[in-house]
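Examination of the molecular architecture
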Amino acid sequence: MSQTVVEVKNLVKRYKELIALDNFNMKIEKGEVFGLLGPNGSGKTTTINCILSLLNYNNGEIKVFGEEMKNTRYDLKKKIGVVMQDVAVFDELNVYDNIDYFCGLYIGDKETRKKYVEEAIEFVGLENFKKFRPKKLSGGLLRRLNIACGIAHKPELIILDEPTVAVDPQSRNKILEGITELNRKGATIIYTSHYMEEVEQICTHILIMDKGKNVAEGTSDELKRSIKNTENVIVDVRNLDEKHVEAMKKLNHVYEVKYMSDRLVIKCAGGRHNISHVIDYFADNNLDYDRIYSELPTLNDVFLEITGTSLRDQEA
């Protein structure tokens, strides 16, 4: 039987005239790696801050571990680990002492805390950097320290907000492997990221929000099946005349064609032989190309189709 770890019902949060959350709903079950996605300004950060009771809200209900979340519920907060996008560690403390400090906010027994701190250091791979101060760490190591500070007390619910921003590929892989391991050990995880390939790789359930609302939800495969796009045919071709771009829009099952920087992208809805139709068009019109291939839609395609392609500047 599943156990609901976080339940958000009809949440409304206003900043004067701005409605940051508009009757937003979300339910996270125990053991999920829950991807919370949305453009800048969609309400992700506001949602997280409301769940943590760092923000008051105008209407709605939030339950964590089946109980109403309030700013005085330290018993519930003790079960939560938070790793925000902005690194929050003390520059004057070394790696070990930073982790020990944050762990000490929840774990009073010194022997238990020492054990937990050592395990957190090993978990994020900072054994050789215990005496280093944050300013001496690379960006990737600093992110791993940030994670260790948030998870050292062994929380049941872990909130990770963009934990891999601006890190090298090796550190990113280490972080993603660590998140999967935390989940395997029983932690429920809320994960936000703009790297869609990461979300697709580790998240068991995904919610896309926009303008303060839940606009789509499901597994990665379920979300992909919900959109119009079923296949992308990509052609590397130089100096393609605009008339051919327009003509290919009339091919069977094609609903969008874009040509930029010698790359032709043909979006299809349905059909089983779309790449053959494109190859035939090039042959019939004596057109040369460098490469042609087909791709199934990605989570990024889902995200862009649902939320649009225009730039967003604000974060709510």
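See the structure shown above.
The text that follows walks through the structure, step by step, so that each part is easy to find. (Residues numbered from 1 in each chain as written. Predicted model: local features only at pLDDT ≥ 70, side-chain atom pairs only at ≥ 80, totals over all residues. Heavy atoms only, no water.)

Positionally, Asn146 belongs in helix α5 (residues 139-151). From its side chain, Asn146 meets the backbone oxygen of Met84 in a polar contact 3.3 Å long. Contacts of Asn146, omitting those with residues within four sequence positions, involve Val83, Met84, Asp86, Val87, Ala88 and Val89. (Helix = DSSP H or I, 4+ residues; strand = E, 2+ residues; numbered from the N terminus. Polar contact = N/O pair within 3.5 Å; in protein donor to acceptor, adjacent residues only side chain to side chain. Contact = heavy atoms within 4.5 Å.)

Turning our eyes to something else, we now look at α5. With 13 residues, α5 extends 19 Å from end C-alpha to end C-alpha; this agrees with the ideal 18 Å at 1.5 Å per step. By the criterion of burial, α5 is predominantly enclosed, with 11 of the 13 residues buried. Of all the positions in α5, only Gly140, Leu141, Arg143, Arg144, Leu145, Asn146, Ile147, Ala148, Cys149, Gly150 and Ile151 are classed as buried. Where α5 is buried, its residues touch β6 (80-83), α3 (95-104), α4 (110-124), β7 (157-161) and α6 (169-184). (Expected span 1.5 Å × (residues − 1). Buried < 20%, exposed > 50% of the residue type's maximum accessible area, 1.4 Å probe, protein only.)

Before going further, it helps to examine the packing of α3 against α5. Running from N to C, α3 and α5 point in directions that differ by 30°, and their axes come no closer than 7 Å. Between α3 and α5, the angle is such that the two are roughly parallel. The two elements α3 and α5 meet at a crossing, and its hand is right-handed. In this structure, α3 uses Val95, Asn98, Ile99 and Phe102 to contact α5, whose residues at the interface are Leu145, Ala148 and Cys149. Counted by class, the contact of α3 with α5 contains six nonpolar, one polar and no charged residues. (Axes fitted to C-alpha atoms, helices over the stretch in contact; angles between N-to-C directions. Parallel < 35°, antiparallel > 145°, perpendicular 65-115°, else oblique. Left-handed = near helix turned anticlockwise from the far one by under 90°. Nonpolar A, V, L, I, M, F, W, Y, C, P; charged D, E, K, R; others polar.)

On the basis of which strands lie adjacent, the open sheet formed by six strands has the order β6-β7-β8-β3-β9-β10 and mixed pairing. With partners counted over all chains shown, the strands left at the sheet margins are β6 and β10 (213-218), one partner each. Strand-to-strand twist in this sheet, taken as the mean axis angle between neighbours without regard to direction, amounts to 15°. Both β7 and strand β8 (residues 188-192) contribute to a ladder of five bridges, which runs parallel. Across the sheet, residue Leu160 finds its bridge partner in β8, namely Tyr191. Against the sheet, helix α11 (residues 299-307) engages β3 (33-37), β9 (205-210) and β10, with an angle of about 30° to β9. (Pairing = 2+ DSSP bridges.)

The N-to-C vectors of α5 and α6 enclose an angle of 15°; their axes lie 9 Å apart at closest approach. Considering their axes alone, α5 and α6 lie roughly parallel with respect to each other. The crossing of α5 and α6 is right-handed. Every residue of α6 that contacts α5 at Gly140, Leu141, Arg143, Arg144, Ile147 and Ile151 is listed here: Ser171, Lys174, Ile175 and Leu182. Looking at the contact of α5 with α6 residue by residue, the classes come out as five nonpolar, two polar and three charged.

So, on to empty space enclosed by the protein. Under the defined criterion, the tally for this structure stands at one cavity of 30 Å³ or more. Estimates place the volume of the largest cavity at around 50 Å³. Considering the residues around the largest cavity, the lining is formed by Phe123, Val124, Arg144, Ile147, Lys174, Ile175, Gly178, Ile179 and Leu182. Those elements giving two or more residues to the lining of the largest cavity turn out to be α4, α5 and α6. Looking at the lining of the largest cavity element by element, the count peaks at five residues for α6. Looking at the lining of the largest cavity residue by residue, the classes come out as six nonpolar, one polar and two charged. (1 Å grid on protein atoms, 1.4 Å probe; cavity = no way out; pocket = protein on both sides within 12 Å on 5 of 7 lines; lining within 4 Å. Points joined across faces, edges and corners; volume = space filled by probe spheres on them.)

On to the pattern of salt bridges. Applying the stated criterion to the full structure yields 19 salt bridges. For Arg73, the salt bridge is made with Asp75, and the minimal N-O distance between the two is 2.8 Å. Where Glu200 meets Lys224, a salt bridge forms, and the shortest distance between an N and an O atom there is 2.3 Å. With a gap of 24 residues between them, Glu200 in helix α7 (residues 196-202) and Lys224 in helix α8 (residues 220-225) connect regions that are remote in the sequence. It is possible to trace a salt-bridge network through shared partners that takes in Glu7, Lys9 and Lys27. (Salt bridge = Lys/Arg side-chain N within 4 Å of Asp/Glu carboxyl O.)

Here five bridges tie β9 to β10, and the two strands are oriented antiparallel to one another. Within β10, the position partnered with Ile208 by the bridge is Ala216. Hairpin connection from β9 to β10: two residues lie between these consecutive antiparallel strands, with Lys211 at a positive phi of about 50°.

Let's shift gears to the side chain of Asp161. By secondary structure assignment, the location of Asp161 is in strand β7. The charged side chain of Asp161 is buried without a salt bridge, its nearest counter-charge being Lys44 at 6.7 Å. Dropping the residues within four chain positions of it, Asp161 is found in contact with Thr45, Val83, Met84, Gln85 and Thr192. (Lys, Arg positive; Asp, Glu negative; His and termini not counted.)

When you line up the elements, Ile19 lands in strand β2 (residues 18-29). When the C-alpha positions of Ile19 and Tyr259 are compared, they lie 37 Å apart, and in sequence the two are 240 residues distant.

A few words on the packing of aromatic side chains. If you walk through the whole model with that rule in mind, you get six aromatic pairs. When the ring of Phe129 is compared with that of Phe132, the centres are 5.2 Å apart and the planes differ by 70°; the resulting orientation is edge-to-face. Assessed through its relative accessible area of 33%, Phe132 is described here as partly exposed. Pairing Tyr281 with Phe282 gives two aromatic rings, centres 6.4 Å apart and planes at 80°, and the pair type is edge-to-face. (Phe/Tyr/Trp six-rings, centres within 6.5 Å; stacked < 30°, edge-to-face > 60°.)

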